[in-house]
Amino acid sequence: MLLTIQPNESLRSFLERHIYLDSQAPSAISLKQISRFYMRASAIRVIAAVIGSDNCYGFNRLLHDHTSYPQLALFRQASQVGYSGSKYLSSTTRFETEDVRPAFCIACVKEDIESIGFAYWRRDHRYVNVCAKHNVVLLKKCPVCKKSIEIHDHGYGYSLLWKGCKGRHVYEFREIINSDAREQTYSKIHEEIGRSRFYLLRDEVTQHLKEKAIEMASSEAISEEELEVIKSQLEFFRFCIPRLDSDYRPDHRYSKELIHVISTLYGSFGSLVDDIRQRGGLVRCIDDSMHAVGE
Ligand SMILES: [Zn+2]
Ligand SMILES: [Zn+2]
């Protein structure tokens, strides 16, 4: 039985759901070839083949919609053509790793069960502390036995959402509401980047944010101290990330510093994109670049 991959579902969640429901089904047997620890480019091609979109576009869509890769890929070098550069052709690049722990939101679990009948793991919840949609604190431990999810059961504990623990289910527990507004803004911007239909140029974005910060400091909308922090965060983003074609690692959280800057200056990624567009900067549709292979 082939399942439908859900909006924002992590690739690992999609794979583990197949194995959990029927480990002898042909789709589950194909997916079982994939490492239980890394989701490499070759694994993503296996998933693309299982869902019937085994081509460059299908590969790039999976990357953009179901991994954290857009956190880097949305901010391009001017010379880059294809969405994933040479990675479509390589097999070793890792796009998801169990080094970064999965997490879940109890409100999402309840909502999923009500709307589609089962819960699933979100790609974004690995990288943030609160759910962008519900402002609920994400859990990395089983609420029943308090064990970390990754050691909870076979296959890094993903079955917790489907079979529960000691006769109890996670939806029986109450959500803990987050009270830190910056955490929620961070999660929202992270999610907006993942869902974006547009890409920007990395150098243009950093230059634009720097000018905006200077402008806001001169009108005293932010302090001189905040301006200095922003400048160093932008330098970090610009110079400490690798080129897209070398040594990509999902656990590096490339957009972290940038999200903090966007949070202080704009409050949302959409407002930044609108501002760049209004000032004549490059804002291009990401879908157009997904058919192209190579640099
Ligand atoms: Zn949620
Ligand atoms: Zn448990």
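Residues numbered from 1 in each chain as written. Chains lettered and ligands numbered in written order. Predicted model: local features only at pLDDT ≥ 70, side-chain atom pairs only at ≥ 80, totals over all residues.

A. Just the overall build of the chain, in detail. The number of helices and strands found in the chain is twelve helices and five strands. For the chain, whose C-alpha radius of gyration is 20 Å, the value lies close to the compact-globule estimate of 19 Å for 295 residues. Along the first, second and third principal axes, the C-alpha atoms of the chain reach 60 × 45 × 30 Å. (Helix = DSSP H or I, 4+ residues; strand = E, 2+ residues; numbered from the N terminus. Rg over C-alpha atoms; globule rule 2.2 N^0.38 Å.)

B. The arrangement of the domain arrangement of the chain in detail. Examined at the domain level, the chain breaks down into domain 1 (1-97 + 180-295) and domain 2 (106-172). Centre-to-centre, using C-alpha coordinates, domain 1 lies 23 Å away from domain 2. Across the boundary between the two partners, domain 1 contributes 23 residues, which contact 18 residues of domain 2. Looking at which element gives the most residues to the side of domain 1 that touches domain 2, the answer is helix H8 (residues 181-195), with eight residues. (Domains from an automatic or database assignment. Contact = placed C-beta atoms within 7 Å.)

C. Region of the structure containing the packing of helix H3 (residues 41-50) against helix H4 (residues 56-66). The N-to-C vectors of H3 and H4 enclose an angle of 110 degrees; their axes lie 9 Å apart at closest approach. The pairing of H3 with H4 is recorded here as roughly perpendicular in orientation. On H4, the residues touching Ile-44, Arg-45, Ile-47 and Ala-48 of H3 are Gly-58, Phe-59, Leu-62 and Leu-63. (Axes fitted to C-alpha atoms, helices over the stretch in contact; angles between N-to-C directions. Parallel < 35°, antiparallel > 145°, perpendicular 65-115°, else oblique.)

D. Molecular detail of the sheet that holds strand S4 (residues 198-201). Taken in spatial order, the three strands of this open sheet run S2-S4-S5, and their pairing is mixed. A strand with exactly one partner marks an edge of an open sheet, and here the two such strands are strand S2 (75-76) and strand S5 (284-285). As paired elements, S2 and S4 share two bridges and run parallel to each other. Its bridge partner lying in S4, Arg-76 is registered against Leu-201. (Pairing = 2+ DSSP bridges.)

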